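Report on the structure
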Amino acid sequence: MSPANGGLFRPVLAIVIALLYFLLASQAYEGISDNTLNALPRPNNDFDIHNGALLAPILRPRVSGTAGSVAVLQHFADFFRTTLPSWDLHFQNSTSTTPVSNGKEVPFVNLIASRDPPWAAPGDVGRLTLVAHYDSKYSPEGFIGAIDSAVPCAVLMHSMRSIDAALTKKWEQMQTEGNTDSSLEEQKGVQVIFLDGEESFKVWTATDSLYGARSLAEHWDSEVNPAMSTYKTPLSSISLFVLLDLLGSKNPTIQSYFSTTHWAYKKLAQLEKRLRDLKLFKSSADSSQPAWFMDMSKSEHDIPTFLGIQDDHLPFMERGVEILHLIDAHPAKGFPVVWHNEKGVPDDGEHLDLDTVEDWGMLITAFAAEWMELEGFMPQPSGEAAKTVDRLNKKTEL
């Protein structure tokens, strides 16, 4: 990422459905209960920087086109194939020369993992799209990129594993009850995109950056779904593009960049507050620590719409996709001190705040579960956790 710088015939019914879906998504999905928040799965040691099953394999140099990149991509593929076998995996490939490749084509590989209602045709499903880049910087040599963006990738893996069983339960119940008509709220899927080639090889420009994102956005914009599909292209089926970047440092500052998705930003902010109130955030031992979502109290009219920070969302936003950018960037202090090692502090596992990393896992899981309307299908608390929730509920009632 870089600091800010400045057809086919489509039936009228499909257009109306797509518009209604967007309007409903912004306000109608059901919130999740405190009971569900209290029972959200913890990552345990999956985020351990030395041997954690999710994070540790990503904490290595992984420049596009290198053996490190291939190894990390294999880590993602193995995770979904073994842990989440109901998910569909797709690889989108492209090549490009770079300022350091001496005219040779460098391969870039994006991995897309998706899960849709089993009865739905792909062109009829609107998908919550959760995104992070997995490549690391070309220089300095040996750059790890823990916040940039190993942690966001691991957080997405944890979150999808945490909601997978609930998705199965919900969709099996709907099939048992015969409740699979193509109504708007039922055709909701989820996909994760691990993008390659976000980083520039030399100096950030329009052509030396966002290699994978530019390729995928163009490909999905030109790929047409079957006639009579609700969504014309895979690009138009993205209900919300949530991009995670630079996450893993203590006390992050998340701004709201786009008025049209400020409602989704506020949903996340509300979930953060609830998790804090339930004492479920490890990084918030006391109330003096600032909330992560600094624009929670603002209305959408107070959010200026501009390009914000240059990142993987740009090729999608330029084609009309709605963007929620979750990036740690303080309006006065800028990016975290470890960003690109610019202040002499390496962006490696040793400089992560692991409590904050775990909290991001909890928060993104809660957001995805709420979006996919999994209340009643997620695990519920037992033992002391259940007693704690009961006490908090009684206190609220008083």
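Just so you know, the residues in each chain are numbered from 1, in the order the chain's sequence is written. Selection of residues for local features in this predicted model requires a pLDDT of at least 70, selection of side-chain atom pairs for listing and counting requires 80 or more, and totals for whole chains, interfaces and linings are taken over all residues. Side-chain measures here rest on the full set of heavy atoms in the structure, leaving out hydrogens and waters.

Helix and strand assignments follow DSSP, with helices taken as H or I runs no shorter than four residues and strands as E runs no shorter than two, numbered in order from the N terminus. When its secondary structure is counted, the protein chain shows nine helices and six strands. Each of the 398 residues in the protein chain was classed as buried or not, and the buried ones make up 55%. With the model as given, the accessible surface of the protein chain reaches about 17,000 Å², and the carbon-plus-sulfur share is 53%. Only protein chains enter the accessibility calculation, which uses a 1.4 Å probe; a residue whose area is less than 20% of its type maximum is buried, one above 50% is exposed, and one in between is partly exposed. The Shrake-Rupley method, run with a 1.4 Å probe, gives the accessible areas here. Residue values count only the displayed protein chains as cover.

Let us now look at the nonpolar core. Think of a nonpolar core as a cluster: buried Ala, Val, Leu, Ile, Met, Phe, Trp, Tyr and Cys residues, connected wherever their side-chain atoms sit within 4.5 Å. Grouped together as the largest cluster of nonpolar side chains are 105 residues, with contacts concentrated most on Phe194, Phe293 and Phe316. A per-element tally of this core places helix H4 (residues 146–176) first, with 15 residues. Any pair of residues with heavy atoms lying within 4.5 Å of one another is described as a contacting pair. Every residue in contact with phenylalanine 316, bar those within four places of it in the chain, is listed here: Ala213, Leu216, Ala217, Leu235, Ile238, Phe241, Val321 and Ile323. Within the second largest apolar cluster, five residues are counted, among which are Val63, Val106, Phe108 and Phe201.

Our focus in this paragraph is the packing of helix H3 (residues 67–83) against H4. Packed helices, taken two at a time, are described by the angle their axes make and the gap between the axes. Put simply, H3 and H4 touch, their axes get as near as 12 Å, and they point 5° apart. Between H3 and H4, the angle falls in the class roughly parallel. Between H3 and H4, the contacting residues are His75, Phe76, Phe79 and Thr83 on the first element and Cys153, Met157 and Arg161 on the second. Basically, the charged four are Asp, Glu, Lys and Arg, the nonpolar ten are Ala, Val, Leu, Ile, Met, Phe, Trp, Tyr, Cys and Pro, and anything else, Gly included, counts as polar. Across the contact of H3 with H4, the residue classes break down as four nonpolar, two polar and one charged. Only C-alpha atoms enter the line fits that serve as axes; for helices the fit covers just the stretch in contact. Angles between N-to-C directions range over 0 to 180 degrees. For classification purposes, an angle smaller than 35 degrees is called roughly parallel, one larger than 145 roughly antiparallel, one from 65 to 115 roughly perpendicular, and anything else oblique.

Glancing now at the pairing of strand E4 (residues 188–195). Among the eight residues of E4, eight are classified as buried, and the element is accordingly described as predominantly covered. Alternating residues of E4 divide into Lys188, Val190, Val192 and Phe194 and Gly189, Gln191, Ile193 and Leu195, and every residue in both groups is buried. When DSSP finds two or more bridges between two strands, those strands count as paired. Here five bridges tie strand E2 (residues 106–115) to E4, and the two strands are oriented antiparallel to one another. Directly across from arginine 115, in E4, lies its bridge partner valine 190. As paired strands, strand E3 (residues 126–133) and E4 are joined by eight bridges and run parallel to one another.

Pairs were defined over the aromatic rings of Phe, Tyr and Trp, the Trp ring being its six-membered one, requiring ring centres within 6.5 Å. Orientation was assigned from the angle between planes: stacked under 30 degrees, edge-to-face over 60, tilted for the rest. With the rule as written, the count across this model stands at 18 aromatic pairs. When the ring of tyrosine 138 is compared with that of phenylalanine 201, the centres are 5.9 Å apart and the planes differ by 50°; the resulting orientation is tilted. Within this pair, whereas tyrosine 138 is found in the loop between E3 and H4, its partner phenylalanine 201 is found in the loop between E4 and helix H5 (211–222), the two being separated by 63 residues in sequence. Between tryptophan 263 and tryptophan 371, the ring centres sit 5.8 Å apart and the planes meet at 25°, which makes this aromatic pair stacked. Placement of tryptophan 263 in helix H6 (residues 262–277) and of tryptophan 371 in helix H8 (residues 354–371) is noted, with a sequence separation of 108 residues between them. One cation-aromatic arrangement involves arginine 214 over tyrosine 211; the distance from NZ or CZ to the ring centre is 5.1 Å. In this scheme, Lys NZ or Arg CZ marks a charge over a ring once it lies within 6 Å of the ring centre and within 35 degrees of the ring normal.

The next point concerns H3. Expected span of a helix, by definition, is 1.5 Å for each gap between consecutive residues, and there is one gap fewer than residues. Between its first and last C-alpha, H3 extends 24 Å over 17 residues, near the 24 Å set by a 1.5 Å rise per residue. Buried within H3 we find Gly68, Ser69, Val72, Leu73, His75, Phe76, Ala77, Phe79 and Phe80.

Attention now moves to the confidence of the model for the protein chain. Here the protein chain averages 90 in pLDDT, while 87% of its residues score no lower than 70. The predictor rates its confidence in each residue with pLDDT, a number between 0 and 100. The model gives residues 5–19 a pLDDT under 50, and that stretch makes 16 contacts with residues more than four places away or in other chains. Every residue in residues 392–398 scores below 50 in pLDDT, and together they form three contacts with partners more than four places removed in sequence or on other chains.

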